[in-house]
Structure formats: structure tokens, C-alpha cells
Amino acid sequence: MAKTKPGKKDLDSYTIKGTNKIVRPGDCVLMRPSDSDKPPYVARVEKIEADHRNNVKVKVRWYYRPEESIGGRRQFHGAKELFLSDHYDVQSAHTIEGKCVVHSFKNYTKLENVGAEDYFCRFEYKASTGGFTPDRVAVYCKCEMPYNPDDLMVQCEACKDWFHPSCMEMSIEQAKKLDHFVCSDCSSEDDAKRSPNGYPVSPVSGPKFQFLLKIARQYYANCHVLLNAVQSTIIFTYFLDGNLSGVLFPCFLISLWNVDR
């Protein structure tokens with residue numbers, strides 16, 4: 001009668017050979033590649049089991065590097081970026097070289113120092129089709145590219161978008177010295193809203209203009225006051241900002257114009 005082969009047993013942990021590092025299910029590990037010229041493979045351990053001869057195997061879920069994906073590496077991919085694939089495999093535990101940490105994208109961007117064993121993942125990858133989840137992420141800058149945490153970007157104080165210095169025709173050194181930054185689009189819009197004399201442009205007709213005339217006439221009922229476009233702009237600016245009120249308002253009018261009584 002044939003003997004039944006002893007079954008496999010699940011293990012809670014495995015100590016990496018030659019080290020005191022302990023691997024448990026859910027940990028991310030570096031695994032020895034078949035080609036010594038290549039960087040180590042990165043995988044997440046799903047299960048650890050031993051057979052009747054005490055040979056330890058690990059069931060892993062592979063992470064792909066961008067250059068290993070169908071689309072290849074793109075400009076916005078970080079040097080330490082990985083994709084969590086749907087590719088599962090069983091490997092000998094002896095091929096594990098060390099442990100690593102695969103951070104979420106958000107947590108990775110908060111690291112003050114990125115170590116050799118730090119990676120990040122923001123996409124899941126379907127190896128058979130080359131599809132990604134999520135299939136879209138936020139884009140920034142004039143180039144409309146996703147954020148690469150390896151690249152310096154500067155934030156516009158007006159629109160709050162982020163920009164690559166090169167897209168703003170700046171060097172990295174220049175960008176690092178900036179105390180304030182307004183992008184070219186916001187700067188152009190701001191210039192368009194300003195008069196040649198540097199005063200914000202206000203309408204010289206319509207409700208606000210009529211309101212100004214009404215106020216002026218209340219103070220100078222028996223006077224004739226001439227208000228042109230530039231003058232009305234100045235008054236609007238000071239009056240609406242709350243810089244002129246009560247007695248100061250008529251004094252300001254008198255200082256600007258010669259009033260015929």
C-alpha cells in the first residue's frame with residue numbers, strides 16, 4: 001500500500017538566511033534575480049509554507065518596475081516607483097535577499113530621507129493587458145504630467161498649481177532661491193487687470209460708477225465735480241478698500257481735484 005506524502009504546513013515567519021531579519025506574510029522583500037547584473041526583484045509575501053522536508057517556499061505577488069511594464073518607463077515615473085501586479089508566483093525562500101518598504105505615494109512624498117530600501121507604489125498593474133488602476137491621476141504644470149517626487153516643482157501662489165522650473169524657463173538653482181512664485185498665466189491675467197499707472201482697473205460706468213457719483217454729490221451738493229476714468233479708478237480703490245470714510249473721503253476728493261464753487 002502506497003504511503004501518503006505528508007502535506008505542507010503554513011509558517012508564521014521565516015528568518016532570512018545569514019541574517020536576523022524576520023519575514024512575515026504581508027512584508028515586502030528583495031529577491032535575488034536570475035541575472036546578477038539586474039537589480040533585485042521586489043515582491044510582497046502572501047504566504048510562507050514548508051514541505052515535509054522542511055523546504056520553505058513563499059507565495060509572492062510581484063511588483064513591476066516601470067521599465068518592466070508594457071508601456072515602459074515614462075517621464076513622471078519616479079526612480080523608486082513600483083507597480084503592484086496581478087502576477088503571483090511561488091519561490092524558494094532562499095532567494096530572499098532582504099526586506100524593503102513599499103510606501104503609499106502620499107507617505108513616500110513625506111519622507112525626509114529616502115533610503116535604499118524605500119520604494120513607493122501608486123498604481124496596480126495588470127500584467128497581461130498592461131492596464132493600470134487607477135487609470136488616471138492628477139496632472140500638474142503646463143506639460144500636464146503626473147507628479148514625479150524626484151523632480152523639484154514650485155507652486156504658484158495665485159492658482160496653486162505646481163510647475164517644473166524648466167517649463168517656466170527657470171533653472172533648478174533659480175527655483176530654489178524663490179521666495180514667491182506666480183506662474184506666467186496668472187502673471188498675465190494680473191497684468192491685464194492693471195492700468196498703465198499700476199492701479200487696478202475698475203469700470204467707469206455702471207452701478208459702481210453711479211454709486212461714486214452719488215457719494216460725491218452728497219458731499220458737494222453745490223459743486224461741479226469732474227470724474228474721468230483714472231480718477232474714478234483711484235477713488236474706487238481707496239473707498240472700497242475702506243481707506244476712505246467719513247471726513248477723510250471729501251478731503252481726498254478735494255486733494256485730487258480743483259473744485260469750482
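This text gives an overview of the structure that appears in the document.

Here is what the cut-offs are and how they apply
- Residues numbered from 1 in each chain as written.
- Predicted model: local features only at pLDDT ≥ 70, side-chain atom pairs only at ≥ 80, totals over all residues.
- Heavy atoms only, no water.
- Helix = DSSP H or I, 4+ residues; strand = E, 2+ residues; numbered from the N terminus.
- Buried < 20%, exposed > 50% of the residue type's maximum accessible area, 1.4 Å probe, protein only.
- Contact = heavy atoms within 4.5 Å.
- Areas by Shrake-Rupley, 256 points an atom, 1.4 Å probe, with all protein chains shown as cover.
- Pairing = 2+ DSSP bridges.
- Phe/Tyr/Trp six-rings, centres within 6.5 Å; stacked < 30°, edge-to-face > 60°.
- Lys NZ or Arg CZ within 6 Å of the ring centre and 35° of its normal.
- Core = buried A, V, L, I, M, F, W, Y, C linked by side-chain atoms within 4.5 Å.
- Polar contact = N/O pair within 3.5 Å; in protein donor to acceptor, adjacent residues only side chain to side chain.

Once that is clear, we can look at the overall build of the protein. When its secondary structure is counted, the protein shows 6 helices and 12 strands. Looking at the 261 residues of the protein, the share that counts as buried comes to 34%. If you take every contact in the protein between residues at least 6 apart in sequence, the share linking residues at least 24 apart comes to 51%. Counting only carbon and sulfur atoms, one obtains 50% of the accessible surface of the protein, whose full area is about 17000 Å².

Turning to the environment of leucine 152, a few remarks are in order. Relative to the helices and strands, leucine 152 resides in the loop between strand 10 (131–133) and strand 11 (154–155). Other than its neighbours up to four places away in sequence, leucine 152 contacts Phe163, His164, Pro165, Ile172, Ala175 and Lys176.

With 7 of its 9 residues buried, strand 9 (residues 118–126) lies for the most part within the structure. Here 5 bridges tie strand 7 (residues 81–92) to strand 9, and the two strands are oriented parallel to one another. The residue of strand 9 that forms the bridge with phenylalanine 83 is phenylalanine 123. As defined by bridge partners, strand 8 (residues 96–104) adjoins strand 9 across 4 bridges and the pair is classed as parallel. Residue pairing for strand 9: valine 101 is matched across the bridge by aspartate 118. In terms of strand pairing, strand 9 meets strand 10 through 3 bridges, oriented antiparallel. Bridged to glutamate 124 within strand 10 is threonine 133.

Let's shift gears to the packing of aromatic side chains. If you walk through the whole model with that rule in mind, you get 11 aromatic pairs. On the basis of an interplanar angle of 75 degrees and a centroid distance of 5.7 Å, the ring pair of tyrosine 41 and tryptophan 62 is categorised as edge-to-face. Taken together, the positions of tyrosine 41 in strand 5 (residues 41–50) and tryptophan 62 in strand 6 (residues 56–64) put the pair 21 residues apart, joining distant regions of the chain. With centroids separated by 5.5 Å and ring planes inclined at 55 degrees, the aromatic side chains of phenylalanine 105 and phenylalanine 120 adopt a geometry described as tilted. Here phenylalanine 120 lies in strand 9 and phenylalanine 105 lies in helix 1 (residues 105–109), a separation of 15 residues in the sequence. Connected via pairs of aromatic rings, a cluster forms that spans Tyr64, Phe83, Phe123, Tyr125 and Phe132. We note lysine 80 situated over the ring of tyrosine 119; from NZ or CZ to the ring centre the distance is 4.7 Å. Positioned above the aromatic ring of phenylalanine 105, the side-chain terminus of arginine 122 is 4.6 Å from the ring centre.

Next up on the list: the nonpolar core. By size, the foremost hydrophobic cluster in this structure holds 21 residues, and its most contacted members are Val29, Met31, Val58 and Ile96. Put simply, the parts of the chain that give this core at least two residues each are strand 4 (28–31), strand 5, strand 6 and strand 9. In contact with methionine 31, not counting residues within four places along its chain, are Pro40, Tyr41, Ala43, Val58, Val60, Trp62, Gln91, Ser92, Thr95, Ile96 and Glu97. Ranked by size, the runner-up nonpolar core spans 11 residues in total, among them Val154, Cys156, Phe163 and Cys186.

The residue histidine 103 is located in strand 8 in this model. The exposure class assigned to histidine 103 is buried, which follows from its relative accessible area of 17%. With residues near it in sequence (within four places) discarded, histidine 103 still touches Tyr108, Leu111, Asp118, Tyr119, Phe120 and Cys121.

Tyrosine 41 sits in the partly exposed class, given a relative accessible area of 25%. Sequence spacing of tyrosine 41 and threonine 95 is 54 residues, and the spatial spacing of their C-alpha atoms is 10.0 Å. Filtering out sequence-adjacent residues up to four positions away, tyrosine 41 remains in contact with Val29, Leu30, Met31, Arg32, Pro33, Ser34, Trp62 and Arg65.

Its location among the elements puts asparagine 148 in the loop between strand 10 and strand 11. Of the residues examined, asparagine 148 reaches a relative accessible area of 5% and is grouped as buried. Side-chain polar atoms of asparagine 148 contact the backbone nitrogen of aspartate 150, separated by 2.9 Å. Apart from the residues lying within four places of it in its own chain, the contact partners of asparagine 148 are Gln75, Phe76, His77 and Gly78.

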